[in-house]
Protein chains: 2
Amino acid sequence: MQVLVIYDVENDRIRSKVANACKDYGLQRIQFSAFRGDLSANRMEELFFRLKKILGVDKGNIQMYPMCEKDLKQARGTES
Amino acid sequence: MQVLVIYDVENDRIRSKVANACKDYGLQRIQFSAFRGDLSANRMEELFFRLKKILGVDKGNIQMYPMCEKDLKQARGTES
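Being a predicted model, the structure only gives us computed values, none of them experimental. (Residues numbered from 1 in each chain as written. Chains lettered and ligands numbered in written order. Predicted model: local features only at pLDDT ≥ 70, side-chain atom pairs only at ≥ 80, totals over all residues. Heavy atoms only, no water.)

Chemist: Quick question: what am I supposed to make of the pattern of salt bridges here?
Modeler: Pairing between side chains of opposite charge can happen when the charged atoms of each approach one another. Considering all chains together, one arrives at eight salt bridges over all chains under this definition. Ionic pairing is found between Arg15(A) and Asp12(A), a salt bridge with its closest N-O pair at 2.5 Å. Linking Arg15(A) with Asp12(A), this pair stays in helix H1 (residues 12-24), spanning three residues, or about one helical turn. Judged by its relative accessible area of 54%, Asp12(A) is exposed. In this structure, Arg76(B) engages Glu45(A) in a salt bridge whose closest nitrogen and oxygen atoms are separated by 2.8 Å. Of this pair, Arg76(B) sits in strand E5 (residues 76-77) while Glu45(A) sits in helix H2 (residues 41-55), on two different chains. (Salt bridge = Lys/Arg side-chain N within 4 Å of Asp/Glu carboxyl O. Helix = DSSP H or I, 4+ residues; strand = E, 2+ residues; numbered from the N terminus. Buried < 20%, exposed > 50% of the residue type's maximum accessible area, 1.4 Å probe, protein only.)

Chemist: What should I look at first to understand H2(A) in this one?
Modeler: Every α-helix carries 3.6 residues per turn, so stepping three or four residues along brings you back to the same face. Between the first and last C-alpha of H2(A) there are 21 Å, a value that for 15 residues agrees with the 21 Å anticipated at 1.5 Å per step. Directly beyond the C-terminal end of H2(A), a positive phi value near 50° is found at Gly56(A). (Expected span 1.5 Å × (residues − 1).)

Chemist: What should I look at first to understand the relation of the copies chain A and chain B in this one?
Modeler: What connects the two chain copies is a rotation about an axis and a shift along it. Superposition of chain A onto chain B requires a rotation of 180° combined with a translation of 0.0 Å along the rotation axis, giving an RMSD of 0.0 Å. In the structure described here, the two chain copies are related by an operation that fits a two-fold rotation axis. Among all residues of chain A, the minimum C-alpha distance to the rotation axis is found for Met67(A), at 3.4 Å. Both copies share a contact surface, since 100% of the interface residues of chain A are interface residues in chain B too. (Least-squares fit on C-alpha atoms with pLDDT ≥ 70 in both. Contact = heavy atoms within 4.5 Å.)

Chemist: Would you mind going over the pairing of strand E4 (residues 60-67) of chain B with me for this structure?
Modeler: Along a regular strand, successive side chains alternate from one face of the sheet to the other. With respect to burial, E4(B) is a largely interior element, eight of its eight residues being buried. Of the two faces of E4(B), both are covered, the one formed by Gly60(B), Ile62(B), Met64(B) and Pro66(B) as well as the one formed by Asn61(B), Gln63(B), Tyr65(B) and Met67(B). Pairing geometry for strand E5 (residues 76-77) of chain A and E4(B), over two bridges, is antiparallel. Bridge assignment links Arg76(A) to a residue of E4(B), and that residue is Met64(B). Note that strand E1 (residues 2-9) of chain B and E4(B) share eight bridges and pair antiparallel. Counterpart to Gln2(B) in the pairing with E4(B) is Met67(B). (Pairing = 2+ DSSP bridges.)

These figures come from the coordinates and say nothing about function on their own.
So, in structure tokens, the structure goes:
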């Protein structure tokens, strides 16, 4: 299933670790702090666990959303 | 339905217009450049049209995702 990861992380070092973890799981960067790609339910849980570990007690917010086909068909996006 | 709006907008003035438009439509800010809330399909289209107009030809990327109940149940989030 498609998964969207969005994050607000203040610390530059931690933010790049979050990005690298998303890349490790094959997600594509779609915005500065947003990645998207195909993951199994298990891999999604694994990635979320890893991202939580990376963030630790540092200030930040990470959200992970699975997106079904039906929702994706109604998604809208600009590109400029 | 729940709708997630995420955006990368360089220009501060335009970025705050995007945020204000999201607030006008009753969405809640969940991250620096991410809003979420309940919109009808029509209101989602209306908001997307308004956001595209705000962005105009300026550099930026706006994504809008509807999120069904089933997906939301599997969503994951950290808060620290």
